[in-house]
Structures are given as C-alpha cells and as structure tokens.
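The residues making up each chain are set out below.
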Amino acid sequence: MTEVSQPQAVVFSVRGVVKEASGTPLPGVNVVEKGTTRGTNTDANGAFQLDVTDGNATLVFSSIGYSKKEVPVGNQSTMEVSLVSDDRSLEEVVVIGYGTVKKSDLTGSVGAIKGEKLLDRQATNIGQALQGRIPGVDVAVMSSAPGYQPRVRIRGVGSINSSLEPLYVVDGIIGVTNANLINPNDIESLEVLKDASATAIYGARGANGVIIITTKRGKSGATQVSYDTWGSYITPAKYIGVLSSDEFMSVYNKAYDNAQKYDPEGFASGKYVRNDPKNFPNLFDSNGKPLYNTDWEREIYKPTWAQNHELGVRGGSEKTSYSLALGYTDQGGLMLNSWFKRYSAKFTLDTDVKKWLKLGGSMFLNRTNQREVDDASGGLNVPRMVMEAVPILPIQYPDGSWGRNKDWPGMEGGENPVRIANQRMRINPKNQMLGQIYSLLTFTPDLTLRTNFGYELKFEKNNFYSGRDLNALSADQKGTADIWSNQEYYWQFENYLNYNKTIGNDHTISALAGLSWQKRSWERYFAAAQNFIDDFWGYHNLGVGTSLQKPSSEDQEWSLNSYFARLNYNFKDRYLFTVTGRYDGASKFGANNKYAFFPSAAIAWNVSQEEFLKPVSWLSNLKLRASYGKTGNQEIGQYRSQQFLGTGDVLLGGVRQTGIWRSSFGNPDLRWEYTNQLDIGADIGLFNNRVDLTVDYYHKITKDLLLDAPIPWSTGLSVITQNIGSVENKGLEIGINTRNVATSNFSWTTNLAFSTNKNKILKLGANNDDIFPGPWFLGQTNILRVGQPIGSFWGRKRLGTFSTSEADLAAKYNRLPGDIKWADLNNDGKIDGSDETIIGRAYPKWNLNVGNTFQFGKFDLSFDIRFVMGVNTVNATKHSVEDRQAIASSSRTVLGAWTPENQNSMIAEIRHYNAGYDTAMDDWWMEDGSFIRGQNLVLGYSLPTKIGKVNFQRLRVYASAQNFFLVSDYSGYDPEALTAFGGPLIQNIEFFQYPRPRTFSVGLNVQF
C-alpha cells in the first residue's frame, strides 16, 4: 500500500459484492481505498459499501486464501468483484519457529488452525478450544471443575519422570508456563509443530512438541471495534443415582443380617448391633419411616451460569498499528460454590520508525481466581460425601444445626457435603504478565536482524481454610489454614538474522541464524496454622491460630544458552530441503553433559508441479515429505545432577533441633532425554482442492530416560537418578478437509482429524525390572514393563461371585458363596500379588473428530463429534460405593448385589464392612472408557449489517450446545476423568470425579 494521503473530500459512494470464482459470496473481505486508511469489510452476503475520494480511486480487495485484487473505481457506483483462490491451503502462511513459511513450502509436520475457527465453540481456555482439531494432538479434559487446565499430549507419551507437556510459545515468548490462562479470543492463529524438522529449532525443549500461539495485532486501515459475548446455562449431563432413604435402610438391615454368615463369632458375641429407629425420633416417625430423604447428589450438583465478554479495538495507519483487547469470564461450577473468574487485557503496538527499522511490542495481563471445592481427593471430601452421606439425614435440622453421618451411630463420620462446600475453601488467585519488545532491522531487502526481549511474571497464591467443626477433615485441629505463594520470573533475549533470496527463476534460499539466553527463577513460601478460636478469620489472619506450623520456603532457578540455525532451499517450487540445528546448554544437567546438539533434516517433493502430472486435472496438489531429527527434553527438576543436603527435626536433650544429612548423591553424567523421530507424510489436494488430505506416519524413539535406579541401602540412600530408559511411539495421522457443496446460497464443508498411537517401553534400566509408578490405591494400579505401553493398568481379574454350587471351590480360598471370585492366575490355591496382571490401558488406541459446517443464506450450522476408542477408565469410586455397607451410604448398584436369588452378580453379597469384605484393584473397577461425544453444536444467524445509521461489518447471534450427547458404557459420570492423586503419567483413574456438564449458550458477535 502506498503512503497515506491527506484527507480529501468524499465525492461519492461505491457499493458492490465480492464473490469467489464459483459465485459464492465472500464475507470478511478487506476493502480499502488505496493510499488511504479508508476501508471496510464485506458482510455475510459479500456486500460492501465504501465512500471514496473521487473517480480516480482504486479499491484494494484482500482476504486470506485469495489473491489480492486492485480495481479502479472510474465511474462505477456499483461493482461485482471476483477473487481468485491463491490456495492459501497451499500459499497460506504458517508460523514456524522463528519465522513463517508458505504451506506449499513446508517440509515438516505442522498442524494449523486460525483463531476464528478456535472460537466456533465456546471455550474458556486454549486446551478446550483445541480438543479434536489437529491429528496427533490429544487434549484430555480430565476434570470439569471451573479453571481446571486440560492435559495436552502430542504424538504419545515419551517420558516417565520428565514433563510430558508441549512447549508453548506465545508471540515469541518461549515456555509460557500456563498458556491456558490466555483468553482464546485473543488468538490470531495456533500452530502445532509435531515432527523433528519442525521442533528441532527449539532443541532441548522440543521433544514433547511445540504449540505456537500468535495473538491478534493491529492492522492498517479503518479502526475496527469488536464485541463478542456469550452466556451459558450449565447443567449436569448425568446423575449416577444415590440410595433413597428406604433403599438405604434396606441395605443397612441386610448388612447386619448377613454379618451372621460372614462373621459368626463376632455376631454371636454381640459385635453387630444395629440402630433402632425408635431411638431416633428426630430422624424417624412413630412407624419407623424416615423423616428425610435427602438426595445429596442433587443438592451438590446444581445447574449454574457462566458469561464471557470480549471487547477489541484494532487499527492503525500505513506505518503504525495497534490493538487493545479487554476480556472478562465468570464461570460457575456444577459443584456447589465452585467458580472461576478471569480478567484479561492485551495491548500491542507496531511501528515503522524508519524504512529500515521497525519497533514493536505486546503486553498481556491476566488475573484469574478460582474456588476449588473438590480438593482433598481420597479423603471424606465433597464429591465423596455426595455418595457416602446418609440420605436419612437432613442438610440442616430445624434448629439450624447441620446433619452429619455421625448422627447415625456406626457411620464413618464424614460431614454432609453441603456443609463442607460452605465451610471449607481453597481460593487460588493468579496474576500473569507476558510481555515482548522487539526491533527489526532491514539491512537489505534480503537480510534482516530481529532482536527480541520477552518476559513472563507470575504471582500466584493458594489460600486455604477448613472449618473448626468439620469432622474427619479439620475438627481435630479446631480449624486449619495455610497459604502457599509462588513468585516466578522469566526472561529471554534473542537475536537472529534472516536471509531470503530468490536467484533467477529456480532457486530460493531462506536462512536463519541466531542465539538465545533464557532464565527462569522462582520463590515459594508456605505457612500454616491450626486451632482457631472462630471460623471468622479463616486464612486471612494465620496469627489467630494458636498452633503455628513450621513454615517452609525455597528458591530455584535454571538457565539456558542456545545457538540455532535453519536453512531452507527451494528448487523450482518442486524440490524442498530443510536443515535445522540447535546447540543448547542447560544448567539442569551434569557438569560432563551441559551442552548437546539437536539436528534435523527434511525433504519434500511437490510432485504436482512436475510436467507429467499437470494434465491430471483432478489432482490439484501432491507433495511428499520426509524428515528425521533429534530433539531433547530438559523438563526435569532443578539440581538433579548435584548432591543435596536434607534437613529434618530431631530431639536432642528434649529440645527440637535441626538435623542435616546427605539426601542425594548427584550425578555429574546426567544428560538430556532425547528423541529421534522419523516422519513420512503426504499433502494431497483433489478436484481443485475441494478435498485436502494430509497423511503422516511417525516413529519416535526416546532414549536416556531419566529414572531413579535402585542402589544398595548400605549407601544410606535407596536410589540415584540416571539415564537408563527408552520408549517408542509410532502412529498414523490423517487430516481431511472437504468442500462438499459450494453455491451462492448454500455451502457445506467437512473436516476429519484421525490419529493412532502405539506406545511401547523398550528399556527400564540394566535389568529391565518392572516399575510401579503409582498411585497406590489398595494396591498397585499402574505398571511400567518392558514391551508394554506406558499407562498399563495393573490388578486382579474378577470372574464374578461364588455361587452356592461353588461352595467347595470358595472354601479352597477360605471364602463363601456370595464372596468375590478372582482368577487364580498361577493356580496356587490362594489370591495374592502373584495373581495380578495387566488388565487395561490408560491411553486410547485411536481418536477421530468429525466436524461439519453448513451455511444457508444468513444461517450457519456446525457440529463436531469426537470418537475416542480403545481405552480404559478405572472407576475406583466403586471401592467406596459398593464395598462399605453399614459405615457409609452406597450407590444404587448395590441393589443388584449377590443374593441367593441373584447369584449372577459381579458385586459381593451385602454385609457389614467389618464382617470381612474383599476389595482390591481389579477389572471390575476398570471399565471400557471408549466414547462418542457430541462435542459442539452451533446454530448462528447473521443479522442485517446496517441498522439506522450504524454500519456493521458483522452482526451475528448464535445458540450452541457443548457435550450435547455421549455414547459410552462407562458407569461413572464421564469416561474422560482423573482425580487429583497421581503424577503426569496417570490418566483415566477417577475416585469421585467432578461431573462433566452439558452446556447451552447464546452469544453475540459484533464488529464495526
């Protein structure tokens, strides 16, 4: 665009319609009078109206995916403009590490999605918006608690003790610790770098894949104002069902009746004495009928509301552009008193100071706050007491006192969940600031130097208080409070040269060389107190607690120094070559292995550019790709290579003293985990690119896994960290985008994202011994074994229950008819750890997401359906809701337990918990976790773009539904689940999960 002219008098208006070659109207096309800032955008019908200076004006039409077109106005007052596709499916610019590249020139495996596509479903974080969009990217929303961050895995699980999360790069800021705090409305594009050719430029931090987020910036032309908002009604998608009061009393009485069978001695001695309803007139009427029938599930999991608002301003002149965005999210949770709030602001500025110098920067501010209600997993917390609270008790008695399980003697004693949700709180405020300042020096049209300084500041707290009278939680301590604080600082300084040169008509060279410094440091503090005189102060004043706990603090840091380079060579747009290398030095590793080199190479052949294929009219594009390279994983704890001193309390002469001892040996040879990856792919376009197909096969082997190797106890320690493991991932990814119908009034597009992954452990130390990584839950639940995938579930195989005809067989195992029957795998006549085996898998065999979008006139309709197959979920909740009669309430499944009349049952006969009840991790707890989910459904309508004197570029209303159906055999709330215990390897184990909601929303998009 030429230099901006001075304002001139407007002579007349030009109206028109912009269409693509097929005649389909094109919405959102930029229409600018050349040489001015005067411009507009086409509406949903491709129409525009623009006041121009005079008949000598020229209009410039541009839109992503189409060639820019200039049209002189002349004496035309109306015009029809046709834009030709420049195949941005091929020519579209894709962001890669430290630069961009046309998709047609891409040699690596990169998945890309534009910001507007991310926003076609309601999402409060990036993970939710990305789920199912890109093949090979597995996003698991393991909890539906407001503010919970999804887990993202790219091409499988490649580590055991190191982080599995991908590297997030936001506007060039590398390693953003929680990109999910960023408002999805701020995103311009998102790219996922998957193979070694794409990720090797990030070297030691690229083994888990890289997600590059580019946020919206200003642009030249008229100032553009946008406002997007939605409101949601959030309701439980499923209720499991708890026992009614009558059902509870029936189960309760059976438990005591059957105690005689399973513990005859204890029964005869009077050990089992049930409560008599006549002695509890506050709970039963004169006929012994319960006065209350509390459905705790519906008292805790209630419909709620959420809202989101985003205001954006973008604009600028030919030399300077700016953008400002403000956002607010308020999300209520299904669980009583749980919520999440976010306040966000972003500002960007870019300016051409000189023809050879450009300066710019951006700043993000995020303030989030969250209230957790489902903490204390494994204890008698809210979700557990939903199922275990006794239904014959009220929430509150007429005098205002709280109902509690101990009001019915013999119960384990947990509080009712409504009381816990009101008197126990964990508030998590977080403040995050991301910033970037850059300069771009243009020495020649071919050579530039970019200097970038980026930073991330993060301040977060965890404020906790649990009330003085909450039995089994904090009553013994007379209230407990604690505060955890984390202050985190990160900076990076990078300089890199870019050289781009076209030589003649056949050769194009693009080269990059740079150096980088990164450093992250943090300080953490913890303080706690107990024995409060009143609940009034909570965590706000720890000094009120008369029993102050020992405080703790720590500060750590790591740094990284890097040198990187990349060379791209293009010959005749047919033969493409990429070579990348990065030399990283990290403070985390041993003195003998501080530095490592991470290279990669890739080739691609644009076969469709060959003369022999040009006559094949139905083949629009065919590109074959192959890459191989090495990337690293430095995401381990700090100082693992060094010797540590531990401290602890000892008593000397009756006085508490601090003792010091060696807590680790260190390892000066500790080095990077590294991944060698082969990728073979093809990009195919058919029928004028109406069908766009991408296929990739990958094979990754990660070596030098960091494991804690056992050492003799005589050394004074039990383990030493060493590089002794190896794991393999291989799989197939298929992405298909089709334009099924494209007419002036109707269009239909389909996209599919399919991926498989096969994971196998190749090596676990010198002897390849099994490793049990936990969590331990009444036994081991997971195993790491050579030849098996990471995430293998471990337990017994339940055959059912012993029938009366199997009394002799049951006696062999010291059991009775009605007891659980497990498989005796080694036939030794007893059931123990030798009868445990691999019973399932935590990670799916394949995923598929199918999306369809329809446009008819001013209406638009889209939906996504997600398939996750070949996976198991452990419903450990069954331990408590099926195995603990007479000390807690149960789920309704116990109504189908073994009886003499119903001997074909997987659930043992009801009996008092203390009368002898077998419970252990087995394949009854582990269920089929496969599912088909209606992910997202949106119906929109574009309103007229002119109302009175106000012209809108976009005015759209819509209604949507998320999780609008689920097909699954899983008996819990949702098969995609994880509760708090467990490490990064643990997935699909739930113990009283937070239910997944079904969400209905209405929204408005305004742009002018």
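What you see is a predicted model, and the numbers here were worked out from it, not measured in a lab.

1. Points about the UniProt feature "domain: TonB-dependent receptor-like beta-barrel" (unreviewed entry) in the chain
Then, number 1: What UniProt calls "domain: TonB-dependent receptor-like beta-barrel" (unreviewed entry) maps, in this numbering, to residues 411–863.
Then, number 2: Between the C-alpha atoms that bound residues 411–863 there is a distance of 48 Å. The span itself is 3% helix and 61% strand.

2. What to know about the pattern of salt bridges
Then, number 1: The tally for this structure, following the rule as stated, stands at 58 salt bridges.
Then, number 2: For the salt bridge of Glu-488 with Arg-520, the shortest nitrogen-to-oxygen distance reads 3.1 Å. Of this pair, Glu-488 sits in strand S25 (residues 480–503) while Arg-520 sits in strand S26 (residues 507–530), and the two are 32 residues apart along the sequence.
Then, number 3: Overall, the relative accessible area of 4% leaves Arg-520 in the buried class.
Then, number 4: One salt bridge connects Arg-524 with Glu-554, and the closest N-O pair in it is separated by 3.6 Å. Taken as a pair, Arg-524 in strand S26 and Glu-554 in strand S28 (residues 552–571) lie far apart in primary sequence, 30 residues in all.
Then, number 5: Given the relative accessible area of 24%, Arg-524 is considered partly exposed.
Then, number 6: The exposure class assigned to Glu-554 is partly exposed, which follows from its relative accessible area of 33%.
Then, number 7: Taken together, the salt bridges that share partners define one network made up of Arg-155, Lys-194, Lys-623, Arg-625, Asp-679, Asp-683, Asp-696 and Glu-733.

3. Some points on empty space enclosed by the protein
Then, number 1: Under the counting rule described, the total for this entry stands at 14 cavities of 30 Å³ or more.
Then, number 2: Forming the boundary of the largest cavity are 32 residues, of which Gln-128, Gln-962, Arg-996, Pro-997 and Thr-999 lie nearest the centre.
Then, number 3: When residues of the lining of the largest cavity are traced back to their parent elements, those giving at least two are strand S17 (221–236), strand S19 (320–332), strand S48 (931–942), strand S51 (954–968) and strand S53 (997–1007).
Then, number 4: It is S48 that provides the largest number of residues to the lining of the largest cavity, a total of 3 residues.
Then, number 5: Taken together, the residues that form the lining of the largest cavity break down as 11 nonpolar, 16 polar and 5 charged.
Then, number 6: Computed from the structure, the second largest cavity encloses a volume of approximately 250 Å³.
Then, number 7: Partitioned by chemical class, the residues of the lining of the second largest cavity number 10 nonpolar, 8 polar and 5 charged.

4. Let's talk about the sheet that holds strand S4 (residues 47–52)
Then, number 1: One open sheet accounts for 3 strands, arranged S4-S1-S7; its pairing is mixed. Both outer strands of the open sheet, S4 and strand S7 (78–83), are each paired with one neighbouring strand and no more. Between one strand axis and the next, the sheet turns through 30° on average, direction left out of account.
Then, number 2: Of the pairings in the sheet, the one linking strand S1 (residues 12–20) to S7 comprises 6 bridges and is parallel in character.

5. A closer look at the sheet that holds strand S16 (residues 210–215)
Then, number 1: The sheet built from 5 strands is open, its strands ordered S10-S15-S16-S13-S14 with mixed pairing. Only two strands of the sheet have a single neighbouring strand rather than two, namely strand S10 (110–114) and strand S14 (173–174).
Then, number 2: Taken together, the 5 bridges between S10 and strand S15 (residues 187–193) define a ladder with antiparallel strand orientation. Looking at the pairing, Ala-112 lines up with Glu-191 of S15.

6. Considering the nonpolar core
Then, number 1: Counting residues in hydrophobic clusters, the biggest one holds 61 residues, and the most contacted among them are Ile-160, Ile-790, Phe-793, Val-874 and Leu-985.
Then, number 2: Among the elements of the structure, S17, helix H7 (296–300), helix H8 (382–388), helix H9 (417–423), strand S35 (691–710), strand S36 (719–742) and strand S38 (758–764) are those that each provide at least two residues to this core.
Then, number 3: It is H8 that provides the largest number of residues to this core, a total of 4 residues.
Then, number 4: Not counting residues within four places of it along the chain, the set of residues in contact with Ile-790 comprises Val-157, Ser-159, Ile-160, Val-727, Asn-759, Ile-761, Leu-784, Tyr-843 and Leu-985.

Conventions and cut-offs
- Residues numbered from 1 in each chain as written.
- Predicted model: local features only at pLDDT ≥ 70, side-chain atom pairs only at ≥ 80, totals over all residues.
- Heavy atoms only, no water.
- UniProt positions renumbered as here; feature names shortened; annotations may be inferred.
- Helix = DSSP H or I, 4+ residues; strand = E, 2+ residues; numbered from the N terminus.
- Salt bridge = Lys/Arg side-chain N within 4 Å of Asp/Glu carboxyl O.
- Buried < 20%, exposed > 50% of the residue type's maximum accessible area, 1.4 Å probe, protein only.
- 1 Å grid on protein atoms, 1.4 Å probe; cavity = no way out; pocket = protein on both sides within 12 Å on 5 of 7 lines; lining within 4 Å.
- Points joined across faces, edges and corners; volume = space filled by probe spheres on them.
- Nonpolar A, V, L, I, M, F, W, Y, C, P; charged D, E, K, R; others polar.
- Pairing = 2+ DSSP bridges.
- Axes fitted to C-alpha atoms, helices over the stretch in contact; angles between N-to-C directions.
- Core = buried A, V, L, I, M, F, W, Y, C linked by side-chain atoms within 4.5 Å.
- Contact = heavy atoms within 4.5 Å.

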